[in-house]
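Here's the letter readout for the chains.
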Amino acid sequence: MKFNSLKVYKRCMIKKLKIRIRDLNPHIVCILCAGYFIDATTITECLHTFCKSCIVKFLQTSKHCPMCNIKVHETQPLLNLKSDRTLQDIVYKIVPSLWENELKQREDFEKMRGLTETNTEGCKEEEDSNKEDGLSNQHLYIHDELVHVQVEPLRNGPSTRDPFIRDGRQYVRCSVRAQIYHLKKLIRKLWPETMNKEVEIVCSGKVMSDHYCLKRVWLSSWKDKNPPLVLQFYMKKKPL
């Protein structure tokens, strides 16, 4: 009798528990837009979560939480908003194709607005303005989620004519908000032979745009793989 009970127990343990996504919808759907969370943002006063764009737009005309009506802040409600990256990662993993669709919409928006070509200049202008405001000495990313990145030359890529002096793997840990543009500056410091040359960064065989943040690179090209995030680079050949 004990043997049969143990056998049934093992079968129950081995059987996979299936959860329907509609049962999770109350926890991962924004009540303001009735869609799945995008850039999930939580009100610190009551811990209710919404899409970032939805709650920011809502708080422009109200200072109260749309769910519980608690006052968020007397004068500056946006100060009591905090990005919930863990919840957002969960949403992207359990909702099929949500991140891919969002990524395509962002790329279409950037192309339509012409942001792809001018974003690098915008990064430089923002960096210069931060220095003028005295913010260059402050660590603005100290509370950000960190990502481990492995940077290495693409040996079999278009840059085989320009051999790199340094061998071995190079690791760096930085904020998920850091952009490809910032990593290119780091590469030029670590590999002097890349100085004053055009560098391209590749992840999973795809060339990354300068304005891509590491969070976007991870979710689009590395989310099903183990860390660290491997990024390879090569020097573009000059046209003849």
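Novice: What should I look at first to understand the sheet that holds strand 1 (residues 40-43) in this one?
Specialist: Hydrogen bonding along the main chain pairs the strands of a sheet, whether they run parallel or antiparallel. The three strands lie next to each other as 2-1-3, forming an open sheet whose pairing is antiparallel. Each of the sheet's edge strands pairs with one partner strand only, and the pair in question is strand 2 (49-51) and strand 3 (81-83). Neighbour-to-neighbour, the strand axes of the sheet open up by a mean angle of 35°, direction not taken into account.

Novice: So what exactly am I meant to see when it comes to the pattern of salt bridges here?
Specialist: Note on pairing: side chains with opposite charge can pair once their charged atoms come close. A full pass over the atoms with the stated rule returns 13 salt bridges. Lys-215 is paired through a salt bridge with Asp-89; the nearest N and O atoms lie 3.0 Å apart. Note that Lys-215 is positioned in helix 8 (residues 214-221) and Asp-89 in helix 4 (residues 85-94), a separation of 126 residues in sequence. Of the residues examined, Lys-215 reaches a relative accessible area of 18% and is grouped as buried. Asp-108 is the salt-bridge partner of Lys-104, the closest N and O atoms lying 3.1 Å from each other. With Lys-104 and Asp-108 both in helix 5 (residues 98-113), this residue pair falls four residues apart, about one helical turn. On the basis of relative accessible area, Asp-108 is assigned to the partly exposed category, the value being 37%. Taken together, the shared-partner salt bridges in this structure form one network comprising Lys-184, Glu-198, Glu-200, Asp-210 and Lys-236.

Novice: Please explain the packing of helix 5 against helix 8 as it appears in this structure.
Specialist: Each pair of packed helices can be described by the angle between their axes along with the distance between the axes. Running from N to C, helix 5 and helix 8 cross one another at 130°; their axes reach a closest spacing of 10 Å. Classified by the angle between their axes, helix 5 and helix 8 sit oblique to one another. Every pair of crossing elements has a handedness; the one defined by helix 5 and helix 8 is left-handed. Between helix 5 and helix 8, the residues in contact are Trp-99, Leu-103, Glu-107 and Glu-110 and Arg-216, Leu-219 and Ser-220, respectively.

Novice: Help me understand the packing of aromatic side chains, please; the structure alone is not making it clear to me.
Specialist: Each pair of aromatic rings is reported with the distance of its centres and the angle of its planes. Evaluation of the coordinates by the stated rule reveals two aromatic pairs. Measuring from ring centre to ring centre gives 5.0 Å for Tyr-92 and Trp-99, while their planes differ by 70°; the resulting arrangement is edge-to-face. As far as the burial class goes, Tyr-92 and Trp-99 line up, both buried.

Novice: Could you clarify how one ought to interpret the packing of helix 2 (residues 21-28) against helix 4 in this entry?
Specialist: Orientation of helix 2 relative to helix 4, taken along the N-to-C sense of each, is 155°, at an axis distance of 12 Å. Relative to helix 4, the element helix 2 is oriented roughly antiparallel. Regarding helix 2 and helix 4, the two cross each other, and that crossing is left-handed. Together, Ile-21, Leu-24, His-27 and Ile-28 of helix 2 and Leu-87, Val-91 and Ile-94 of helix 4 make up the contact between the two elements. Its residues assigned to classes, the contact of helix 2 with helix 4 comprises six nonpolar, one polar and no charged.

Rules used throughout
Residues numbered from 1 in each chain as written. Predicted model: local features only at pLDDT ≥ 70, side-chain atom pairs only at ≥ 80, totals over all residues. Heavy atoms only, no water. Pairing = 2+ DSSP bridges. Helix = DSSP H or I, 4+ residues; strand = E, 2+ residues; numbered from the N terminus. Axes fitted to C-alpha atoms, helices over the stretch in contact; angles between N-to-C directions. Salt bridge = Lys/Arg side-chain N within 4 Å of Asp/Glu carboxyl O. Buried < 20%, exposed > 50% of the residue type's maximum accessible area, 1.4 Å probe, protein only. Parallel < 35°, antiparallel > 145°, perpendicular 65-115°, else oblique. Left-handed = near helix turned anticlockwise from the far one by under 90°. Contact = heavy atoms within 4.5 Å. Phe/Tyr/Trp six-rings, centres within 6.5 Å; stacked < 30°, edge-to-face > 60°. Nonpolar A, V, L, I, M, F, W, Y, C, P; charged D, E, K, R; others polar.

Purely spatial values, then, with no claim about function.
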